[in-house]
Amino acid sequence: MRRKPVWRYAPDSGTGRCGAGPGLRCSRQYGSLAAIPITRQAHALEQQLNRGMRAVLLLLGFGVLAVIVFGLAGWWWWTQHGPDFSADVKTGMDEGMTFGKGTDQNGCLAEGFDRNREHPELDTSMLNMFFLTSCLSAAGASEGFCDDVPSQWNGFVVTRWAEKRCSAEGLETPSCAGMLNAVVTHCQRRD
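Here, residues in each chain are numbered from 1, in the same order as that chain's written sequence. Local features in a predicted model are, by the rule used here, given only for residues with pLDDT of at least 70; side-chain atom pairs are given and counted only at 80 or more, and totals for whole chains, interfaces and linings are based on all residues. Hydrogens and waters are ignored; side-chain quantities use all the structure's heavy atoms.

In this section: the nonpolar core. Formed by 22 residues in total, the largest nonpolar core has its most connected members in Leu 109, Phe 113, Leu 132, Trp 161, Leu 180 and Val 183. Strands are runs of DSSP state E lasting at least 2 residues, helices are runs of H or I lasting at least 4, and numbering of each runs from the N terminus. Mapped onto this core, the elements with two or more residues apiece are helix H2 (105-118), helix H3 (122-138), helix H4 (155-168), helix H5 (174-179) and helix H6 (181-190). Beyond its immediate sequence surroundings of up to four residues, Leu 180 is in contact with Leu 109, Phe 113, Trp 161, Ala 162, Arg 165 and Cys 166. Nonpolar cores were defined as sets of buried Ala, Val, Leu, Ile, Met, Phe, Trp, Tyr and Cys residues, with membership established by side-chain atoms within 4.5 Å. Type-normalised accessible area, obtained with a 1.4 Å probe on protein chains alone, sets the label of each residue: buried when under 20%, exposed when over 50%, and partly exposed for intermediate values. By the convention used here, residues are in contact when the closest approach between their heavy atoms is within 4.5 Å.

Written out as structure tokens, the structure is:
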């Protein structure tokens, strides 16, 4: 019974185990090593594939490394600051709920802007956003509050709208725009 040939290639640079020189490849056919000639086109194609495959593997390697590094950094941050952050979020939401029961949506937004003026740091913008989210859900409706708020699915328009609203309030910080995501989300739910 005759076996089918199985081709395996060795590197082209120099001599392989079969003694193939430049321009020849080692192949295993019927269990024995032999040198076979390769064409320039095949050699060029193989080099392109090798370069492309190296680039893909390199990108995948960096991607996996980035996921591992960011995952470990997130885990470390959460073990150091997680309980405090959770307590701050709960406090902010409770304050927002309490404040919202006594005012309307415009009052919640004004209080959110005031809190942002007091604490313009980027890390407190998330806490301000939680405050504003719970405040808006508990507050009474304001006439025309959601009229000029864009859809949350159009990120560019939302960013421009938030920058314009923050500029009108005299707040040029990124934390203000982040806080206004609560307004966009609230108005999207109402539609």
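Now that the structure has been shown, we can carry on.
What follows is about the confidence of the model for the protein chain. Per-residue confidence for the protein chain gives a mean pLDDT of 77, with 75% of residues at or over 70. A residue's pLDDT is simply how confident the predictor is in it, with values from 0 to 100. Within the protein chain, H2 carries the highest mean pLDDT (88), whereas strand E2 (residues 32-37) carries the lowest (49). In the predicted structure, residues 4-16 sits below a pLDDT of 50 and forms 30 contacts with residues beyond four places in sequence or in another chain.

The next subject is the packing of H2 against H3. Here an axis means a line fitted to C-alpha atoms, over the contact stretch when the element is a helix, while the angle between two N-to-C directions is reported on a 0 to 180 degree scale. Relative orientation of the contacting elements H2 and H3 amounts to 170°, with a least axis distance of 9 Å. The angle between H2 and H3 places the two elements in the roughly antiparallel class. The interaxial crossing formed by H2 with H3 has right-handed handedness. For the pair H2 and H3, contact is made by Gln 105, Cys 108, Leu 109, Glu 111, Gly 112, Arg 115 and Asn 116 and by Asn 128, Phe 131, Leu 132, Cys 135 and Leu 136, respectively. The nonpolar class holds Ala, Val, Leu, Ile, Met, Phe, Trp, Tyr, Cys and Pro. Asp, Glu, Lys and Arg form the charged class, and all remaining residues, Gly among them, are polar. Partitioning the contact of H2 with H3 into residue classes produces six nonpolar, four polar and two charged. Angles below 35 degrees are treated as roughly parallel, those above 145 as roughly antiparallel, those between 65 and 115 as roughly perpendicular, and all remaining angles as oblique. Note on convention: near helix rotated counterclockwise from far helix by under a right angle means a left-handed crossing. Clockwise means right-handed.

On to the environment of Gly 100, then. Tracing the sequence through the fold places Gly 100 in helix H1 (residues 40-101). Residues Gly 100 and Glu 111 lie 11 residues apart in sequence; the distance between their C-alpha atoms is 9.9 Å. Those residues within four positions of Gly 100 in sequence are excluded, and the remaining contacts are Cys 108, Cys 135, Ala 138, Ala 139 and Gly 140.

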